[in-house]
Amino acid sequence: PNKVVSRELKLKIVEIIEEILKGIRNHLLEFEDINLIEKNFMKGFTNFLVRRYSTAERKIKIEIKPNAKPEQISKKYYRHLFSILQELINNDLKYGGKTTRWIIDQNEDSISFQMIANSKYKVGKVQAGNGRKTIRERIKQMPFDFSEKLEKGIYTSQLTISLSQK
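Conventions used here
- Residues numbered from 1 in each chain as written.
- Predicted model: local features only at pLDDT ≥ 70, side-chain atom pairs only at ≥ 80, totals over all residues.
- Heavy atoms only, no water.
- Core = buried A, V, L, I, M, F, W, Y, C linked by side-chain atoms within 4.5 Å.
- Buried < 20%, exposed > 50% of the residue type's maximum accessible area, 1.4 Å probe, protein only.
- Helix = DSSP H or I, 4+ residues; strand = E, 2+ residues; numbered from the N terminus.
- Expected span 1.5 Å × (residues − 1).
- Contact = heavy atoms within 4.5 Å.
- Axes fitted to C-alpha atoms, helices over the stretch in contact; angles between N-to-C directions.
- Parallel < 35°, antiparallel > 145°, perpendicular 65-115°, else oblique.
- Left-handed = near helix turned anticlockwise from the far one by under 90°.
- Nonpolar A, V, L, I, M, F, W, Y, C, P; charged D, E, K, R; others polar.

A. The arrangement of the nonpolar core in detail. In terms of nonpolar packing, the biggest core is built from 34 residues, with Phe-45, Trp-102 and Phe-113 touching the most fellow members. For this core, the secondary structure elements donating two or more residues are helix H1 (7-39), helix H2 (41-55), helix H3 (78-95), strand S2 (96-106), strand S3 (110-119), helix H5 (130-140), strand S4 (144-151) and strand S5 (154-162). Here this core gets 8 residues from one element, more than from any other, and that element is H3.

Below is the structure:
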């Protein structure tokens, strides 16, 4: 029996298909990002930041301190570092708002990636979540330190990578 499909159902199907295609496109672009990151970490990471935030129609400010030289991070950590930063970005795009600041800085023995964002996190929510668990699990395996705080609607996280373990 032929059933007539409503216009609303057709539109919903098209919307679902577009979301699936968008997801596939993003995954393919992430492979490109990883390849670029392995060649030039800062170029790949800033490309990734700009693409993710612009796709989400969010503003971003990236401040790379003159002394920051991410190429000093051992290349064996690039994929892990990218995965952790990617998870922070995912959480920010899910819970954050307005403009997010990323600050990349370095001292004698470490380099840090700091994110400062307006947040819609609920205090109870900050203690849970798969994204945060994933970040902590990945950090345990690396010479990385991670700190975060939520104060008056501002979420700040900092990932610090030791340069002494090459």
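B. Region of interest: H1. Compared with the 48 Å implied by 1.5 Å per residue over 33 residues, the 48 Å span of H1 between its first and last C-alpha is a close match. Residues Glu-30, Asp-33, Ile-34 and Ile-37 constitute the buried set of H1. Against the buried residues of H1 lie H2 and H3.

C. Structural context of the packing of H1 against H3. Two numbers describe how H1 lies on H3: the axes approach to 10 Å, and their chain directions differ by 135 degrees. Classed by the angle they form, the pair H1 and H3 counts as oblique. Between H1 and H3 lies a crossing of right-handed hand. Between H1 and H3, the residues in contact are Glu-30, Asp-33, Ile-34, Ile-37 and Glu-38 and Tyr-78, Arg-79, Phe-82 and Gln-86, respectively. Of the residues that constitute the contact of H1 with H3, the class distribution is 4 nonpolar, 1 polar and 4 charged.

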